[in-house]
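Topology and contacts: notes
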Amino acid sequence: MGGIFGFFKQPDINQGLKEYHSTDSAVLLDVRTPQEYQEGHIPGSRHLPLQAIDKAASIIENKDTPLFVHCYSGARSRQAVSMLQRMGYTNVKNIGGIAAYQGKVER
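Structure report, in brief. (Residues numbered from 1 in each chain as written. Predicted model: local features only at pLDDT ≥ 70, side-chain atom pairs only at ≥ 80, totals over all residues. Heavy atoms only, no water.)

**Some words on the overall build of the chain**
- Scanning the chain from terminus to terminus reveals five helices and four strands.
- Element order for the chain, N to C, with α for helix and β for strand: α-α-β-α-β-α-β-α-β.
- For a compact globule of 107 residues, the expected C-alpha radius of gyration is about 13 Å, and the chain comes in at 13 Å, within 12% of that figure.
- Along the first, second and third principal axes, the C-alpha atoms of the chain reach 40 × 30 × 30 Å.
- Among the 107 residues that make up the chain, the fraction classed as buried is 42%.
- When the accessible area of the chain is evaluated, it comes to approximately 6,400 Å², of which 52% is carbon and sulfur surface. (Helix = DSSP H or I, 4+ residues; strand = E, 2+ residues; numbered from the N terminus. Rg over C-alpha atoms; globule rule 2.2 N^0.38 Å. Buried < 20%, exposed > 50% of the residue type's maximum accessible area, 1.4 Å probe, protein only. Areas by Shrake-Rupley, 256 points an atom, 1.4 Å probe, with all protein chains shown as cover.)

Shown next, in the form of structure tokens:
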């Protein structure tokens, strides 16, 4: 494929979660709003809304911790990843949006 359409291809959250589960000491970070998080989130995820991303250090002290970041569609998690990288986090991955997630959610 490639070209302009390749740019719009979102990461696959289901594939990202497989990788998350097989990565030691990884953190699954949900950057949606508090309301979205309460409506249903992936079990085991940590909630850090995009607008509070500057507080990441209080939740994840080690900047080498593998972070798997998602939101609803993949757009906010892409923003969060670049912000986290600017804060010095070295192992950050956007795994896309929960809209494409096929597993169970917790409320």
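**Considering the nonpolar core**
- Formed by 17 residues in total, the largest nonpolar core has its most connected members in Leu 29, Val 31, Leu 67, Val 69, Leu 84, Tyr 89 and Val 92.
- If you list the elements that add at least two residues to this core, you get strand E1 (27-30), strand E3 (67-71) and helix H5 (75-86).
- For Val 92, the contacting residues outside a window of four places in its chain are Leu 67, Val 69, Val 81, Leu 84 and Gln 85.
- Tyr 20, Ile 42, Phe 68 and Ile 98 belong to the second-largest nonpolar core, a separate cluster that totals 10 residues. (Core = buried A, V, L, I, M, F, W, Y, C linked by side-chain atoms within 4.5 Å. Contact = heavy atoms within 4.5 Å.)

**Things to note about H5**
- Here H5 spans 17 Å end to end across 12 residues, near enough to the 16 Å set by a 1.5 Å rise per residue.
- On its buried side, H5 packs onto E1, helix H4 (56-59), E3 and strand E4 (92-97).
- Count one or two residues on from H5 and you reach Gly 88, which has phi positive near 105 degrees. (Expected span 1.5 Å × (residues − 1).)

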